[in-house]
Amino acid sequence: MKILQFGTTGQVARELLRQAPAWPVEITAISRAECDFNDAQQVARVISGRKPDLIVNAAAYTAVDQAETDVASAFEVNAQSPACMAGLCGADGAAMVHFSTDYVFDGGKGTPYLETDRPEPLSVYGRSKLSGEQLVLAACPRALVLRTSWVVSAHGRNFVKTMLRLAAEGQPLRVVDDQFGRPTSAADLAGFVLANAERLAGAPVGDPHFGLFHFANAGETSWKGFAEAVLEDALGAAAPKVVGIQTAERPSPAKRPARGTLDTTKLEQTFRYRPRPWREALAEIVAELNVAA
Ligand SMILES: NC(=O)c1ccc[n+]([C@@H]2O[C@H](COP(=O)([O-])OP(=O)(O)OC[C@H]3O[C@@H](n4cnc5c(N)ncnc54)[C@H](OP(=O)(O)O)[C@@H]3O)[C@@H](O)[C@H]2O)c1
């Protein structure tokens, strides 16, 4: 089982590389220095001559606010390069795994989003990711696109590490309390991909495991609720108080969905996979950070 992975430094990329030795797969991971998605032609050059069974795209333009003024790059990285990859996948016979986001939704539905709900992105990032998922699914009949949300891990830039840094610096913790979603462990997402790699690589066109699916840990919270859980797990009784604020009190260049909560029923039924509660996954991340500290 040969996997060609794009991305080496991101949260999901690192978890894939960390867990791969436990699975019967051989991963070749391509860094940004070896293949910059700002030039989709580089993707074609890297794939040419290799014969992977599965391509996993763990690279993306994830700077949500920066994307508002860097539109061309966001689309090149999140849409054109994955589309090129998907086209070559089809030609080479490889299957593909690609990741997308809850930010394809406007957050106004009021109940968790299904894969069949109409996307209405509020930001350039959301639009570029929506374009990417559509182009990938159109170009590669054996693609699995996993929309996920609020990804965290012990590595890279993410909300858990930001909250712990602010608390360590003694900074006031004022966190948005009117945006809701489902936190997702990068480790759980990577483990899911590796556990299904062989199945995907061997599955024919039309197999129900291809297509668009939502993946997130179980349970919904607000960013404030998430912050409180992080601090409680890390600091116990010494956890500082978190003050809830409204989104309007902290304007940002990119608009976020108020409630982008993903419904994962389709994934649970098709893959017979039950996502664990986000609190359980968070506890593992905090424990890993404590060991590292
Ligand atoms: N993080 C979240 O909360 C979240 C939520 C929903 C969906 N997602 C999606 O989940 C997937 C994985 O996210 P993540 O959190 O693992 O992302 P991440 O930690 O931000 O990592 C992004 C990766 O993409 C690489 N990259 C960025 N620009 C690139 C370019 N021009 N060419 C090649 N590589 C480039 C980065 O390399 P460098 O380190 O060298 O820059 C890094 O390895 C992405 O598709 C993302 O859109 C993430």
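Thresholds applied
Each residue is numbered by its place in its chain's sequence as written, counting from 1. Two thresholds apply to this predicted model, a pLDDT of at least 70 for residue-level local features and 80 or more for giving and counting side-chain atom pairs, whereas whole-chain, interface and lining totals are computed over all residues. As a rule here, side-chain values come from all non-hydrogen atoms in the structure, and water together with hydrogens is ignored. Strands here mean DSSP runs of E at least two residues long; helices mean DSSP runs of H or I at least four residues long; both are numbered from the N terminus. Based on C-alpha atoms, the radius of gyration is set beside the globule rule, defined as 2.2 Å times the residue count to the power 0.38. Relative accessibility thresholds used throughout: buried, under 20% of the residue-type maximum; exposed, over 50%; partly exposed, between the two (1.4 Å probe, protein chains only). With residues, only the protein chains shown are counted as cover, and all accessible areas are computed by Shrake-Rupley using a 1.4 Å probe. Positive charges come from Lys and Arg alone, negative charges from Asp and Glu alone, with His and the N- and C-terminal ends not counted. The location of each charge is read from NZ of Lys, CZ of Arg, CG of Asp or CD of Glu. The salt bridge criterion pairs a side-chain nitrogen of Lys or Arg with a carboxyl oxygen of Asp or Glu, the two atoms within 4 Å. Here a residue is near a molecule or strand as soon as one of its heavy atoms is found within 4 Å of it. Side-chain atoms alone can form a polar contact between residues adjacent in sequence; in general such a contact is a pair of N or O atoms within 3.5 Å, and within protein one must be able to donate a hydrogen while the other accepts it. For two strands to be treated as a pair, DSSP must find at least two bridges joining them. As a rule, the C-alpha atoms of each element are fitted with a line to give its axis, helices using only the stretch in contact, and angles between N-to-C directions run from 0 to 180 degrees. Note on contacts: a residue pair qualifies if any of its non-hydrogen atoms lie within 4.5 Å across the two residues. Pairing of aromatic rings covers Phe, Tyr and Trp, the last counted by its six-membered ring, and requires centre-to-centre distances within 6.5 Å; plane angles under 30 degrees mean stacked, over 60 mean edge-to-face, and any other angle means tilted. Counting as a charge over the ring demands two things of the Lys NZ or Arg CZ atom: a distance within 6 Å of the ring centre and an angle within 35 degrees of the ring normal. For this analysis, a nonpolar core means a set of buried residues of the types Ala, Val, Leu, Ile, Met, Phe, Trp, Tyr and Cys, connected via side-chain atoms within 4.5 Å. In this scheme, a crossing is called left-handed if the near helix is turned counterclockwise away from the far one by less than a right angle; it is called right-handed if the turn is clockwise. Any residue that is not Ala, Val, Leu, Ile, Met, Phe, Trp, Tyr, Cys, Pro, Asp, Glu, Lys or Arg is counted as polar, Gly included; the first ten are nonpolar and the last four charged.

**Brief notes about the overall build of the protein chain**
So, step 1. Looking only at helices and strands, one finds 10 helices and 12 strands in the protein chain.
So, step 2. A compact globule built from 293 residues should have a C-alpha radius of gyration of about 19 Å, and the protein chain, at 19 Å, falls within 12% of that.
So, step 3. Going through the 293 residues of the protein chain one by one, you find that 51% of them count as buried.
So, step 4. Summed over all atoms, the accessible surface of the protein chain reaches about 12,700 Å², with 52% contributed by carbon and sulfur.
So, step 5. One finds the centroid of the 30 positive side-chain charges in the protein chain at a distance of 0 Å from the centroid of its 33 negative side-chain charges.

**Re the pattern of salt bridges**
So, step 1. Following the criterion strictly, the structure yields 14 salt bridges and no others.
So, step 2. The residue Arg256 makes a salt bridge to Asp65 at a minimum N-O spacing of 2.7 Å. In this pair, Arg256 sits in the loop between strand 12 (242-245) and helix 9 (265-271) while Asp65 sits in helix 3 (residues 64-67), placing the two residues 191 residues apart along the sequence.
So, step 3. Of the residues examined, Arg256 reaches a relative accessible area of 24% and is grouped as partly exposed.
So, step 4. With a closest N to O distance of 2.5 Å, Glu133 and Arg147 form a salt bridge. Of this pair, Glu133 sits in helix 5 (residues 124-139) while Arg147 sits in strand 5 (residues 143-148), and the two are 14 residues apart along the sequence.
So, step 5. Residue Glu133 is classed as buried on the basis of its relative accessible area of 2%.
So, step 6. Among the ionic contacts, a cluster of salt bridges with common partners joins Glu15, Arg18 and Glu288.

**Observations concerning the site of the ligand**
So, step 1. Neighbouring the ligand are 23 residues; Thr9, Arg32, Thr62, Tyr125 and Lys129 lie closest to it.
So, step 2. With respect to the ligand, the side chain of Tyr125 contributes an N or O atom lying 2.8 Å from an oxygen atom.
So, step 3. Within the complex, the protein chains bury 83% of what would otherwise be the 910 Å² of accessible surface of the ligand.
So, step 4. Of all the secondary structure elements, the ones that give two or more residues to the shell around the ligand are helix 1 (11-19), strand 4 (95-101) and helix 5.
So, step 5. No other element matches the three residues that strand 4 contributes to the shell around the ligand.

**Some remarks on the sheet that holds strand 4**
So, step 1. Pairing within the open sheet is parallel, and its six strands lie in the order 2-1-3-4-5-10. At either end of the open sheet lies a strand with only one pairing partner, and these are strand 2 (26-30) and strand 10 (211-214). When the angles between neighbouring strand axes are averaged without regard to direction, this sheet yields 20 degrees.
So, step 2. Direction of pairing for strand 1 (residues 2-6) relative to strand 2: parallel, over a ladder of five bridges. Its bridge partner being in strand 2, Gln5 is matched across the sheet by Ala29.
So, step 3. Its contacts with the sheet place helix 5 against strand 4, strand 5 and strand 10, and it is angled at close to 160 degrees to strand 4.

**Comments concerning the packing of aromatic side chains**
So, step 1. By the definition in use, this model includes 14 aromatic pairs.
So, step 2. With centroids separated by 6.2 Å and ring planes inclined at 20 degrees, the aromatic side chains of Trp150 and Phe226 adopt a geometry described as stacked. Of this pair, Trp150 sits in the loop between strand 5 and strand 6 (151-152) while Phe226 sits in helix 8 (residues 223-235); the two residues are 76 residues apart in sequence, bridging distant segments of the chain.
So, step 3. Trp150 sits in the buried class, given a relative accessible area of 9%.
So, step 4. Judged by its relative accessible area of 0%, Phe226 is buried.
So, step 5. Judged by centre distance (5.0 Å) and plane angle (65 degrees), the ring pair of Phe192 and Phe271 falls under edge-to-face. One end of the pair, Phe192, is in helix 7 (residues 186-202); the other, Phe271, is in helix 9, with 79 residues separating them in the sequence. Exposure class is identical for Phe192 and Phe271. Each is buried.
So, step 6. For Lys266, the ring lying beneath its charged end belongs to Phe213, and the centroid distance is 4.1 Å.

**A word on the nonpolar core**
So, step 1. Membership of the largest hydrophobic core comes to 52 residues, with the highest contact counts inside it found for Phe6 and Phe226.
So, step 2. Top contributing element to this core by residue count: helix 8, with six residues.
So, step 3. Residues in contact with Phe226, not counting those within four places in the same chain, are Trp150, Val152, Phe159, Val160, Pro183, Thr221, Trp278 and Leu282.
So, step 4. Counting 28 residues, the second largest nonpolar core, distinct from the first, contains Ile3, Val97, Leu146 and Leu189.

**Details of the packing of helix 6 (residues 159-168) against helix 8**
So, step 1. Closest axis-to-axis distance for the helix 6/helix 8 pair is 10 Å, and the angle between their directions is 65 degrees. Crossing of helix 6 against helix 8: the hand is right-handed. Every residue of helix 8 that contacts helix 6 at Phe159, Val160, Met163, Leu164 and Ala167 is listed here: Trp223, Phe226, Ala227, Val230, Leu231, Ala234 and Leu235.
So, step 2. Its residues assigned to classes, the contact of helix 6 with helix 8 comprises 12 nonpolar, no polar and no charged.

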